[in-house]
Amino acid sequence: MKMFRRCRIALLLGAGSILLQGCPASGLLGGLFDECFGEGTISASEYDDLNVFEQLLYDETGCGRYEPRFDF
């Protein structure tokens, strides 16, 4: 029973590494860190200090930080 379980785990790990070669973990984590801690982002308190017109130039990220909007 344990042998069957170990074989299944090894098979899943092997298949996962083959299937996810085009999507490396560093790319996924790098995108998350750039969104949350990137140079172009500002905190919510800095966003609140901006005037209304400057606030229109920023979008909120999934982390609660704000990044410049480039879709004008």
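Criteria and thresholds
Residues numbered from 1 in each chain as written. Predicted model: local features only at pLDDT ≥ 70, side-chain atom pairs only at ≥ 80, totals over all residues. Heavy atoms only, no water. Helix = DSSP H or I, 4+ residues; strand = E, 2+ residues; numbered from the N terminus. Buried < 20%, exposed > 50% of the residue type's maximum accessible area, 1.4 Å probe, protein only. Areas by Shrake-Rupley, 256 points an atom, 1.4 Å probe, with all protein chains shown as cover. pLDDT = per-residue confidence, 0-100. Phe/Tyr/Trp six-rings, centres within 6.5 Å; stacked < 30°, edge-to-face > 60°.

1. Here's the deal with the overall build of the protein
Phase 1 of the analysis: If you tally the helices and strands in the protein, you get 4 helices and 2 strands.
Phase 2 of the analysis: Secondary structure of the protein in N-to-C order comes out as α-α-α-α-β-β.
Phase 3 of the analysis: Looking at the 72 residues of the protein, the share that counts as buried comes to 11%.
Phase 4 of the analysis: As presented, the protein carries roughly 6,200 Å² of accessible surface, and 63% of it is formed by carbon and sulfur atoms.

2. Observations concerning the confidence of the model for the protein
Phase 1 of the analysis: Mean pLDDT over the protein stands at 74; residues scoring 70 or higher make up 58%.
Phase 2 of the analysis: Of all the helices and strands in the protein, helix H2 (residues 25–37) carries the lowest mean pLDDT, 57, while helix H4 (residues 52–55) carries the highest, 94.

3. Regarding the packing of aromatic side chains
Phase 1 of the analysis: Inspection of every chain in the model, using the stated rule, returns 1 aromatic pair.
Phase 2 of the analysis: Centre to centre, the rings of Tyr 47 and Tyr 66 are 3.8 Å apart; their planes meet at 5°, and the pair counts as stacked. With Tyr 47 in helix H3 (residues 44–49) and Tyr 66 in strand E2 (residues 66–68), the pair connects residues that are 19 residues apart, well separated along the chain. With respect to burial, Tyr 47 and Tyr 66 carry one shared label: buried.

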